[in-house]
Amino acid sequence: MAMAQLSDRMRALVQPHLATIEPYDPNFTLTRINLSANENTYPMPAPAREAVAAALAATPLNRYPDPMSGELRCELAAWHGVAPEQVCVGNGGDELLYNFLLAFGGTGRTLVTCPPDFSEYAFFASLTQTDVVRVWRDAETMHVDAAALLEAARQASMVILTSPNNPTGDVLERDLVEQVCAACPGLVMIDEAYGEFADADTTVEPLLARYDNLVVLHTLSKAFGEAGIRCGYVLAAPDVIEVFAAIRQIYSVNVLTQAAAVAAVRTRAAFEPVIETIRAERQHMARALSAIPGVRVWPSQGNFLLVRVAEASRVRERLRDEHSILVRDFSYAPGLADCLRITVGTPEENNEVLRALEQLIAHSPSGREMQ
Ligand SMILES: *Cc1c(COP(=O)(O)O)cnc(C)c1O
């Protein structure tokens, strides 16, 4: 695949550090079953769907949004047991990640990450000219190298860690996060985008009361099935939130998003059975996939599984072209040779993935026939 690049004219006109950026490839294929983006593929629970519909219908469109999403902010604060001054809402978690780098990164600053992780961290670092110090995970277990992380954190302007991590699925020990917060002179963000799928009491939120350099990121895109409305939020000390508030584009969270998010948060109990089902399906899928000869599956606390299979790119293509099933190919990514990430879908979707994979792999025992 040829690497796309900007036109010569644009390479001359954009800021020098952006000259090698690749034009965005949406890689958006319509398929029957899309398990490529870790979305929640279940129907929204009826109480939530009805509350969201009513909230949207009652929202006037002629007024600018409340810049700080006051009502939503209060709901989120009450839910997480923090003060409203400790919450900032964004247009998806991605906006908050970008704003985090924009505010606290930049030339001469260093961001510590533990790849393989969410590729947006390094992308936003490059946009903001922030140096990235990569503390690679163990190639086999995919676990964080705690000693190397602590060493790097001592020199870092900022650290971003993901728990559960995308795409490896593991959660961080709270003790380790505490040590990182204590060691780092800058800010430590823990991205808990998939936190709702993890075992109880794995969140690092209890540390917010003790570490004023801790920032916890959440989103409504995953467990709450609202990837389309674009709503994320951070929890942190009030002076950190003041920075997020000061630099954000003032109307980035629109009125419909705020209304739908308030309704979803108020009805959040209705999502619990869906989350439980996804957790059970995750176990079922992990077992069934490991039983396919030649497939390796890492344990996951998210709504996705990282699997290694010979000729992963070819397997992903055949899933798409012959079965109309889309999963994410990570085999190009450092540390993830021959890895695919498969979102845990509904039981029907999962069974189709299993059947298709069993068929594709059984008919090419060593992967060689897949040429
Ligand atoms: C999905 C995701 C987010 C945020 O997604 P938004 O849709 O922008 O809220 C943040 N971090 C990780 C690791 C994710 O996978």
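Treat the numbers as computed from the prediction; the structure is a model and nothing was measured.

Assigned domains of the chain: these are domain 1 (8-43 + 271-362) and domain 2 (46-268). Computed over C-alpha atoms only, the centres of domain 1 and domain 2 are separated by 23 Å. Taken together, the 28 residues of domain 1 in the interface contact 31 residues of domain 2. The largest per-residue losses of area from domain 1 upon contact with domain 2 belong to His17, Phe271 and Gln301, which jointly make up 29% of the total buried on that side. Summed over the shared surface of domain 1 and domain 2, the number is 2 salt bridges. The shortest N-O distance in the salt bridge between Glu140 and Arg296 comes to 2.7 Å.

Another point: helix 3 (residues 70-80). Taken together, the buried positions of helix 3 are Leu72, Arg73, Glu75, Leu76, Ala77 and His80. Buried positions along helix 3 lie against strand 2 (87-90), strand 7 (214-219), strand 8 (232-235), helix 8 (238-247) and helix 9 (255-266).

Think of a sheet as strands paired side by side through backbone hydrogen bonds, with each pair either parallel or antiparallel. Strand order in this open sheet of 7 strands is 2-8-7-6-5-3-4, and the pairing throughout is mixed. A single partner strand is all that each edge strand has here, and the edge strands are strand 2 and strand 4 (131-134). Strand-to-strand twist across the sheet, computed as the mean angle between neighbouring axes with direction ignored, equals 20°. Pairing of strand 6 (residues 187-191) with strand 7 involves 4 bridges; the strand directions are parallel. Residue pairing for strand 7: Val188 is matched across the bridge by Leu214.

This brings us to the pattern of salt bridges. One pass over the structure, following the stated rule, counts 14 salt bridges. Measuring nitrogen to oxygen at the nearest pair gives 3.0 Å for the salt bridge that ties Arg266 to Glu71. Residue Arg266 is found in helix 9, and its partner Glu71 is found in helix 3; the two are separated by 195 residues along the sequence. For the salt bridge of Arg210 with Glu178, the shortest nitrogen-to-oxygen distance reads 2.7 Å. With Arg210 in the loop between strand 6 and strand 7 and Glu178 in helix 7 (residues 174-183), this residue pair connects regions lying 32 residues apart in the sequence. Through salt bridges with shared partners, one network takes in Glu71, Glu75 and Arg266.

Near the ligand lie 14 residues; those nearest to it are Gly93, Asp191, Tyr194, Thr219 and Lys222. In the environment of the ligand, an oxygen atom lies 3.0 Å from a nitrogen or oxygen atom belonging to the side chain of Asn166. The side chain of Lys222 places a nitrogen or oxygen atom 3.0 Å from an oxygen atom of the ligand. About the coverage of the ligand: the protein hides 94% of its 380 Å² of free accessible area. Taken together, the residues of the shell around the ligand sort by class into 4 nonpolar, 6 polar and 4 charged.

Here is what the cut-offs are and how they apply
Within each chain, residues carry numbers counting from 1 in the order of the written sequence. Totals for whole chains, interfaces and linings use every residue, but because this is a predicted model, local features are given only for residues with pLDDT of at least 70 and side-chain atom pairs only at 80 or more, for both listing and counting. For the side-chain quantities, the full set of heavy atoms in the structure was used; hydrogens and water were omitted. Here the limits of each domain have been adopted from an automatic or database domain assignment. Here, two residues are considered to be in contact whenever any of their heavy atoms come within 4.5 Å of each other. Reported buried area values correspond to the accessible surface (1.4 Å probe) lost by two parts on association, with both partners' losses combined. Throughout this description, the term salt bridge denotes a Lys or Arg side-chain nitrogen within 4 Å of a carboxyl oxygen of Asp or Glu. Buried residues are those whose accessible area, probed at 1.4 Å on protein chains only, stays under 20% of the maximum for their type, while exposed residues exceed 50% and partly exposed ones sit between those limits. Where helices and strands are cited, they refer to DSSP runs of H or I of at least four residues and of E of at least two residues respectively, numbered from the N terminus. A strand pair is defined by DSSP finding two or more bridges across the two strands. Fitted lines through C-alpha atoms serve as axes, helices being fitted only where they are in contact, and the angles separating the N-to-C directions of these axes extend from 0 to 180 degrees. We call a residue near a molecule or strand when any one of its heavy atoms sits within 4 Å of it. Here a polar contact is taken to be a pair of N or O atoms separated by no more than 3.5 Å, where protein atoms must pair a possible hydrogen donor with a possible acceptor and residues adjacent in sequence count only if both atoms sit in side chains. To be clear on the numbers: accessible area is Shrake-Rupley with a 1.4 Å probe, and residue cover counts the displayed protein chains and nothing else. Any residue outside Ala, Val, Leu, Ile, Met, Phe, Trp, Tyr, Cys, Pro, Asp, Glu, Lys and Arg is labelled polar, Gly included; the first ten of those are nonpolar and the last four are charged.

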